Amino acid sequence: MKDTQYQPRFIRHKDELEWLFMELYNDRHALRQLEDVMEAGYAARSGELKALDEQRLQDPDWYKRQDMLGMTMYTDLFAGTLNGLRERLPYLKEQGIRYLHLMPLLQMPRPHNDGGYAVEDFNRVDPKMGTNEDLAALTHSLRESGISLCLDFVMNHTASSHEWAMRAKAGEKAYQDMYFCYDDRTIPDQFEQTMPEVFPGTAPGNFSWCEEMNKWVLTTFHTYQWDLNYGNPAVFVEMVRSMLLLANLGVEVLRIDAVPYIWKQLGTSCRNLRQVHTIVRMVRMILECVCPAVILKGEVVMAPHELAAYFGTPEKPECHVLYNSSVMLNLWGALASGDVRLLKHQLDVFHSLPEHCWFVNYLRCHDDIGWGFDEAAERDMGIDPLMHKRYVYQFFAGDFPGSYAMGELYNFDPDTLDARTCGTTASLCGVEKALKEGDEAALDTAIDRVKMMHGIMMFQKGLPMLNCGDEIGQLNGWEYQQDETLAEDSRNLHRTAFSLENAALRTKEGTVQQRIFQAVADTAQVRNQPAFAPDSYVSTWDTGDRGVLALVRFGREQTMVGLFNFSAYDRRAVLNSLQGSFADLHTGEPVDVQHCLVPAYGVRYLVSKP
Ligand code: GLC
């Protein structure tokens, strides 16, 4: 079916799309199939969503607006089912959420599914959570409430119980070709020489033996997650078909999961290869033709120098947004050390990226915190990278003298001594320990930390995203250790059921829940200031104190300074050569930027006086 809206968009991208596709696959038949899938995707798109497409084409920077506040959650942990979630929308609206990331909810095997990241059917909502119709109804209700839904698209692999894998196991060659299957260890061993491991502790190695097939299969993540072979055009075409199906159910943001891993080549790390960018660029163009309301969020947890490439260029863009994992881990690193130098360095790197680079900022999500500090920068500062990393993960596991944190290690690797960290924001900030010890003063300090961490997270350039439960100070769920299907993965420590009882306490004066909920709400409120306009220039500023970070937002109407004290002591920031006169946002009192007192773990906001 031809259409006056689709055709001009397709024609605009046709040359580049065909060029890239042929360069990668050299298969005209498959190209026709892709184009058919695109046309069919457009034909199946509802009038309501086509209207949204038109609206977004007029307002392409919608996701950069200053009132965008995100939240991420598991449907089942928050409300059981999609319909249950729909009933709990008032809770999200109360907080001004405009962007909701639901963790994977497509049909998955049980009990092992890597938190939904092993998908059995990309075209079907998991029956435990509802139906495709429930998902469409949810996205409709969300849109009416001004909330955009983000859903994972697990591109890199399928569950080993996916139909394709089952048919591959049954010996069908066409399906074996959708994966990487080998009769013996010759090629797997060659791959292993250059491919790092993702889960050295919980799923060592990159290949798994498949008894039914009598072959080795490439499984970068868990043995039950089979890597798809994107060198096969049928894989790409089928995955696009499923992606468009989700878009047509009303999903507005596709989180392309583990995208750096989707292309494999012997002799390489199999990460961030050139062909990955070709594929992401093609996906971007396909969405722009079929469903331009939909944007791409890349899950690229890689070294900062690899990140920028995933945005593409302004002429040939790839992802719209990426996770800001580098700054996130440096926020935690700074909190553990009371030293903001590495954090400042990381922010400076981000601020030097081109204008079109936009990040999702966050403190915690469903995953661990991986300690990928910038080692060259550490060495420049006289910091030993390994000693520093060990300090930080031991600190957050509560294994360092004086630590207030109660987290856990994740994937400790005895060979490299690498480890990552799990735990909720409140537990990592000391709330859990203070409550356990009944220490009121420690509790006050811990809540100050929670507030400060949210303050800096929301002050940065980009889209702030809360981890559901953090807004009421949810603590770790240690009971996961008693469940043998969960125990091996310590990320389950912070993947706990949302407690309605605790949430109800947010209105009861003086409770931890109320204090944290209020702190997060107050912080979100700060974003209404004119300096949060998306085109404001954001920069760090020297404070003369290693414990205090200053961020300055230079807006057209206002300059605003955020001061964040990561240390346990009151500090005085000296903002040399900052022009203009400032007042404290909350008290309205004038502030001398040469002598600016910031209490221990405190936040201060200064606004320019007109
Ligand atoms: C992403 C997810 C993580 C999952 C992995 C494999 O990194 O965030 O939870 O384990 O992909 O799909």
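Here, the structure is the one placed above.
What you see is a predicted model, and the numbers here were worked out from it, not measured in a lab.

Rules used throughout
Residues numbered from 1 in each chain as written. Predicted model: local features only at pLDDT ≥ 70, side-chain atom pairs only at ≥ 80, totals over all residues. Heavy atoms only, no water. Helix = DSSP H or I, 4+ residues; strand = E, 2+ residues; numbered from the N terminus. Rg over C-alpha atoms; globule rule 2.2 N^0.38 Å. Buried < 20%, exposed > 50% of the residue type's maximum accessible area, 1.4 Å probe, protein only. Contact = heavy atoms within 4.5 Å. Lys, Arg positive; Asp, Glu negative; His and termini not counted. Charge placed at Lys NZ, Arg CZ, Asp CG, Glu CD. 1 Å grid on protein atoms, 1.4 Å probe; cavity = no way out; pocket = protein on both sides within 12 Å on 5 of 7 lines; lining within 4 Å. Points joined across faces, edges and corners; volume = space filled by probe spheres on them. Nonpolar A, V, L, I, M, F, W, Y, C, P; charged D, E, K, R; others polar. Polar contact = N/O pair within 3.5 Å; in protein donor to acceptor, adjacent residues only side chain to side chain. Near = heavy atom within 4 Å. Areas by Shrake-Rupley, 256 points an atom, 1.4 Å probe, with all protein chains shown as cover. Sits in = over half its atoms within 2 Å of the grid points. Pairing = 2+ DSSP bridges. Axes fitted to C-alpha atoms, helices over the stretch in contact; angles between N-to-C directions. Parallel < 35°, antiparallel > 145°, perpendicular 65-115°, else oblique. Left-handed = near helix turned anticlockwise from the far one by under 90°. Expected span 1.5 Å × (residues − 1). Salt bridge = Lys/Arg side-chain N within 4 Å of Asp/Glu carboxyl O. Core = buried A, V, L, I, M, F, W, Y, C linked by side-chain atoms within 4.5 Å. Phe/Tyr/Trp six-rings, centres within 6.5 Å; stacked < 30°, edge-to-face > 60°. Lys NZ or Arg CZ within 6 Å of the ring centre and 35° of its normal.

Visitor: Before we move on, could you go through the overall build of the protein and cite the residues and values that matter?
Guide: Counting its secondary structure elements, the protein contains 22 helices and 25 strands. Taken against the 2.2 N^0.38 rule, which gives 25 Å for 610 residues, the C-alpha radius of gyration of the protein at 24 Å falls within 12% of a compact globule. Considering only C-alpha atoms, the protein reaches an extent of 70 × 55 × 50 Å along its principal axes. Looking at the 610 residues of the protein, the share that counts as buried comes to 61%. In the protein, once contacts between residues fewer than 6 apart in sequence are set aside, the share between residues at least 24 apart is 70%. Computed over 58 positive and 84 negative side-chain charges, the inter-centroid distance for the protein is 4 Å.

Visitor: So what's going on with the layout of surface pockets? Which residues, and what values?
Guide: Volume-wise, the largest pocket comes out at about 1,400 Å³. Around the largest pocket sit 48 residues that line it, and Tyr261, Arg271, Val301, Gly370 and Arg420 are the ones nearest its centre. Of all the secondary-structure elements, those providing two or more residues to the lining of the largest pocket are α13 (304-307), α14 (325-337), α16 (375-380), α17 (385-396) and β16 (418-422). If one sorts the elements of the lining of the largest pocket by residue count, α14 sits on top with four residues. Grouping the amino acids of the lining of the largest pocket by side-chain chemistry returns 22 nonpolar, nine polar and 17 charged. As for the second largest pocket, its lining consists of 28 residues, and the residues nearest its centre are Asp76, Asn113, Gly115, Leu486 and Asn492. Looking at the lining of the second largest pocket, its residues break down into 10 nonpolar, nine polar and nine charged.

Visitor: Residue-level account of the side chain of Arg604, with values.
Guide: Here Arg604 shows up in strand β25 (residues 603-608). Exposure remark for Arg604: the relative accessible area of 19% places this residue in the buried category. Reaching out from Arg604, the side chain makes a polar contact with the side chain of Asp584 at a distance of 3.0 Å. One polar contact links the side chain of Arg604 to the main-chain carbonyl oxygen of Leu597, over a distance of 2.9 Å.

Visitor: Tell me what's going on with the site of the ligand, and back it up with residues and numbers.
Guide: Inspection of the region around the ligand gives 13 residues, with Asp114, Asp257, Glu299, His366 and Asp367 positioned closest. Within the side chain of His366, a nitrogen or oxygen atom sits 2.8 Å from an oxygen atom of the ligand. In this structure, Arg491 approaches the ligand through a side-chain N or O atom, which is 3.1 Å from an oxygen atom. Here the ligand has 300 Å² of accessible area as a free molecule, and 94% of this is covered by the chains. Placement of the ligand is best described as lying within the largest pocket. The residue inventory of the shell around the ligand, partitioned by class, reads three nonpolar, three polar and seven charged.

Visitor: With reference to specific residues and values, describe the pairing of β25.
Guide: With five bridges joining them, strand β20 (residues 559-565) and β25 adopt antiparallel strand pairing. Counterpart to Val561 in the pairing with β25 is Leu606. For strand β22 (residues 582-584) and β25, the ladder comprises three bridges, and the chain directions are antiparallel. Note on β25: the bridge partner recorded for Phe582 is Ser608.

Visitor: I'd like a rundown of the packing of helix α1 (residues 6-25) against helix α12 (residues 274-290), residues and numbers included.
Guide: At a minimum axis distance of 9 Å, the contact between α1 and α12 shows a crossing angle of 160 degrees. Considering the angle they form, α1 stands roughly antiparallel to α12. Crossing of α1 over α12 shows left-handed handedness. Facing α1, whose interface residues are Tyr6, Arg9, Phe10, His13, Glu16, Leu17, Leu20, Phe21, Leu24 and Tyr25, α12 presents Gln275, Thr278, Ile279, Arg281, Met282, Met285, Ile286, Glu288, Cys289 and Val290. Residues that form the contact of α1 with α12 fall into these classes: 13 nonpolar, three polar and four charged.

Visitor: If you had to explain helix α7 (residues 132-144) to someone new, which residues and values would you point to?
Guide: The end-to-end C-alpha distance of α7, which contains 13 residues, comes to 19 Å, matching closely the 18 Å that a straight helix rising 1.5 Å per residue would cover. Looking one or two places after α7, you find Gly146, whose phi comes out positive at around 75 degrees.

Visitor: If you had to explain the pattern of salt bridges to someone new, which residues and values would you point to?
Guide: Note on pairing: side chains with opposite charge can pair once their charged atoms come close. All told, the structure shown has 40 salt bridges when counted by the stated rule. A salt bridge links Arg65 to Asp67; its shortest N-O distance comes to 3.8 Å. Of the charged contacts in the structure, one is a salt bridge between Arg284 and Glu288, with a shortest N-O distance of 2.8 Å. On the criterion of helical spacing, the pair formed by Arg284 and Glu288 is a turn pair, its members being four residues apart in helix α12. Here Arg284 and Glu288 have matching classes, each one buried.

Visitor: Before we move on, could you go through the nonpolar core and cite the residues and values that matter?
Guide: Within the largest apolar cluster, 186 residues are counted, with the highest numbers of intra-cluster contacts made by Leu92, Leu102, Tyr230, Phe236, Ile279, Trp332 and Phe566. Each residue touching Ile279, except ones within four places of it in the same chain, is listed here: Leu24, Tyr25, Met155, Tyr230, Phe236, Ile262 and Trp263. Within the second largest apolar cluster, 14 residues are counted, among which are Ala550, Val552, Val598 and Leu606.

Visitor: Describe the sheet that holds strand β8 (residues 207-210), with residues and values.
Guide: Read across the sheet, three strands follow the order β7-β9-β8 without closing on themselves; strand pairing throughout is antiparallel. With one partner strand each, in any of the chains shown, β7 (181-182) and β8 form the two edges of the open sheet. Summarising the sheet, β7 and strand β9 (residues 215-218) pair through two bridges and their orientation is antiparallel. Counterpart to Cys181 in the pairing with β9 is Val217.

Visitor: How would you summarise empty space enclosed by the protein if you had to cite specific residues and measurements?
Guide: The method is simple in principle: a probe with the dimensions of a water molecule rolls over the atoms, and the space it marks as empty is what remains. For the structure on display, the rule yields five cavities of 30 Å³ or more. Put simply, the largest cavity is a space of about 190 Å³. Leu77, Asn467, Cys468, His494 and Thr496 are, among the 19 residues lining the largest cavity, the residues nearest its centre. A class-by-class count of the residues in the lining of the largest cavity yields nine nonpolar, eight polar and two charged. What the second largest cavity holds in volume is close to 100 Å³.

Visitor: So, the packing of aromatic side chains: which residues are in play, and what are the values?
Guide: One pass over the full model with this rule turns up 35 aromatic pairs. Taken together, a centroid distance of 5.8 Å and an interplanar angle of 40 degrees make the contact between Phe191 and Phe207 tilted. Of this pair, Phe191 sits in helix α10 (residues 186-194) while Phe207 is found in strand β8, placing the two residues 16 residues apart along the sequence. Across the pair, Phe207 and Phe191 agree in class, each one buried. Each member of the aromatic cluster is reached from another via a ring pair, and the members are Trp332, Trp371, Phe373, Tyr391, Phe395, Phe396, Phe400 and Tyr404. Over the ring of Trp216 we find Arg185, and its NZ or CZ is 4.4 Å from the ring centre.

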